[in-house]
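# A closer look at the structure
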Amino acid sequence: MKKIIYYFSGTGNSLYTAGKIAEAIGGAELISARCNAKDVSAKDADVIGFVCPVYEWDVPGTFKEFIKAITINTNAYIFMVTTYIAVLGKSFETVEMLLEEKGTRLDYGRAVRCVASQCIAYPPFPPEKIMIPYMEKQIRRVGKEISRRKKRNYPRMSPLTRRRFNKVMEPYLAIENEYDKGFYTDDRCKGCGICEKVCPTRNITIENKYPKWNHRCHGCNACVVYCPTKAIQFKTPQAYKELDTIICRMLRLPEKRKRYHHPNIKAKDLMNDRKEIKPGE
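Residues numbered from 1 in each chain as written. Predicted model: local features only at pLDDT ≥ 70, side-chain atom pairs only at ≥ 80, totals over all residues. Heavy atoms only, no water.

## Comments concerning the nonpolar core
Membership of the largest hydrophobic core comes to 94 residues, with the highest contact counts inside it found for I5, Y6, F50, F63, F79 and F183. Looking at this core element by element, the count peaks at 6 residues for strand β4 (residues 77–84). Every residue in contact with F63, bar those within four places of it in the chain, is listed here: Y6, Y7, F8, A33, F50, V51 and C52. (Core = buried A, V, L, I, M, F, W, Y, C linked by side-chain atoms within 4.5 Å. Buried < 20%, exposed > 50% of the residue type's maximum accessible area, 1.4 Å probe, protein only. Helix = DSSP H or I, 4+ residues; strand = E, 2+ residues; numbered from the N terminus. Contact = heavy atoms within 4.5 Å.)

Structural data, given as structure tokens:
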């Protein structure tokens, strides 16, 4: 039986979740959305999973494009798991719509709460010593349910979120390509290239030994949290200053702020775009 889990992950929460689910279901191939969709078909897979974080109350844009482009077995058992902290928005509904266009739908959907890792806007919360064990408990439950091929309706967007989605989120989405204009490096940068290798959207290139951001950023902060010297800094881009919302006014990166990533996901894990998880690992 062939099992594939596609994932998008920046600071490791979703990759860790995908790996644990793979273990629970007796093994699976983990495939990053950084891969060329034409090279990672699931047309002969019996179990297909999608694991990703929630950004701007939805699925990350590059993950949407990836799902649109892949070929899948419409008769497979299909599940989706998101990692989030507060608002799920329309993430499941988006993927359901994309699957319906392919002639199938989600059999199972569940969300896993995790440590919020948007260090550009706020310190990580809730505390890791509380949230990591709670996250583990949630993942174990999800893994058991998926291993039994349980059917479960996915969480839908709340009426309040649905009413406010366009007003609240569209201004941010309209200037998303301006976000990475806030990144720069200080004199601690060693030109190691880790930021380029962990970026889930392949948005970073190394030029003259220094990173260059190319405006395909979703603000995941993988480059920031995995920089071994803390050389990557951030200043609020002009477009966000002009938007002048509470969130925009929060954007900053104090030197002492913790740059959180999941403690069990290292930079090398994010660099490996395809990994076979075998039973018992």
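## So, the pairing of strand β1 (residues 3–7)
Within β1, 5 of the 5 residues are buried, leaving the element largely enclosed by the surrounding structure. In terms of strand pairing, β1 meets strand β3 (residues 47–53) through 5 bridges, oriented parallel. Across the sheet, residue K3 finds its bridge partner in β3, namely V47. One ladder, built from 4 bridges, connects β1 with strand β2 (residues 28–32); its direction is parallel. Residue pairing across strands places I5 opposite L30, the latter belonging to β2. This β-α-β element, β1 to helix α1 (residues 13–24) to β2, shows right-handed connectivity. (Pairing = 2+ DSSP bridges. Right-handed = clockwise from strand over helix to strand, strands pointing away.)

## Some points on the packing of aromatic side chains
Per the counting criterion, the structure on display carries 14 aromatic pairs. A ring pair is formed by Y122 and F125, whose centres lie 5.3 Å apart and whose planes are at 70 degrees; its orientation type is edge-to-face. In this structure Y122 comes out as partly exposed when scored by relative accessible area, which is 22%. Judged by relative accessible area, F125 falls into the partly exposed class, the value being 37%. Ring centres 5.4 Å apart and planes at 35 degrees place the aromatic pair Y179 and F234 in the tilted group. Here Y179 is found in the loop between α5 (159–174) and β6 (183–185), whereas its partner F234 is found in strand β9 (residues 232–234), with 55 residues between them in sequence. A single burial state applies to Y179 and to F234, both of which are buried. A network of ring pairs unites the aromatic residues Y6, F8, F50, Y55, F63 and F66 as a single cluster. (Phe/Tyr/Trp six-rings, centres within 6.5 Å; stacked < 30°, edge-to-face > 60°.)

## Things to note about the sheet that holds β3
Neighbouring strands of a sheet are bound in pairs by backbone hydrogen bonds; such pairs are parallel or else antiparallel. The strand order across the open sheet built from 6 strands is β5-β4-β3-β1-β2-β10, with neighbouring strands paired in mixed fashion. Across the chains shown, the open sheet's two edge strands, defined by having one partner strand only, are β5 (108–113) and β10 (274–277). The sheet shows a mean angle of 20 degrees between the axes of neighbouring strands, direction not considered. The pairing of β2 with β10 spans 4 bridges and is antiparallel. Bridged to L30 within β10 is K275. (Axes fitted to C-alpha atoms, helices over the stretch in contact; angles between N-to-C directions.)

## Notes on unusual backbone geometry
A cis amide bond, omega -15 degrees, links F125 with the succeeding residue P126. Among the structural elements, P126 can be located in the loop between β5 and α4 (128–147). Despite not being glycine, R149 shows a phi value in the positive range, around 55 degrees. Relative to the helices and strands, R149 resides in the loop between α4 and α5. One non-glycine residue, K209, lies in the positive phi region at around 75 degrees. Assignment of secondary structure puts K209 in the loop between β7 (204–207) and β8 (210–213). On the basis of relative accessible area, K209 is assigned to the exposed category, the value being 66%.

## Things to note about the side chain of R257
With respect to the helices and strands, R257 occurs in the loop between α9 (246–250) and α10 (267–271). Buried and without a salt bridge, R257 has E255 as its closest oppositely charged side chain, separated by 11 Å. A polar contact is formed between the side chain of R257 and the backbone oxygen of R252, at a distance of 3.1 Å. The residues touching R257, leaving out its near neighbours within four places in the chain, are C119, I120, A121, Y122, P123 and R252. (Lys, Arg positive; Asp, Glu negative; His and termini not counted. Salt bridge = Lys/Arg side-chain N within 4 Å of Asp/Glu carboxyl O. Polar contact = N/O pair within 3.5 Å; in protein donor to acceptor, adjacent residues only side chain to side chain.)

## Section: the pattern of salt bridges
Summed over the entire model, instances satisfying the criterion amount to 18 salt bridges. The salt bridge partner of K258 is E128, with a shortest N-O separation of 2.6 Å. Of this pair, K258 sits in the loop between α9 and α10 while E128 is found in helix α4, placing the two residues 130 residues apart along the sequence. Looking at E128, the relative accessible area reads 23%, which means it is partly exposed. Between E207 and K212 there is a salt bridge; the shortest N-O distance is 3.7 Å. The partly exposed category is assigned to E207, whose relative accessible area is 40%. On the accessibility criterion, K212 (38% relative accessible area) is partly exposed. Through salt bridges that share partners, R34, R202 and D273 make up one connected network.

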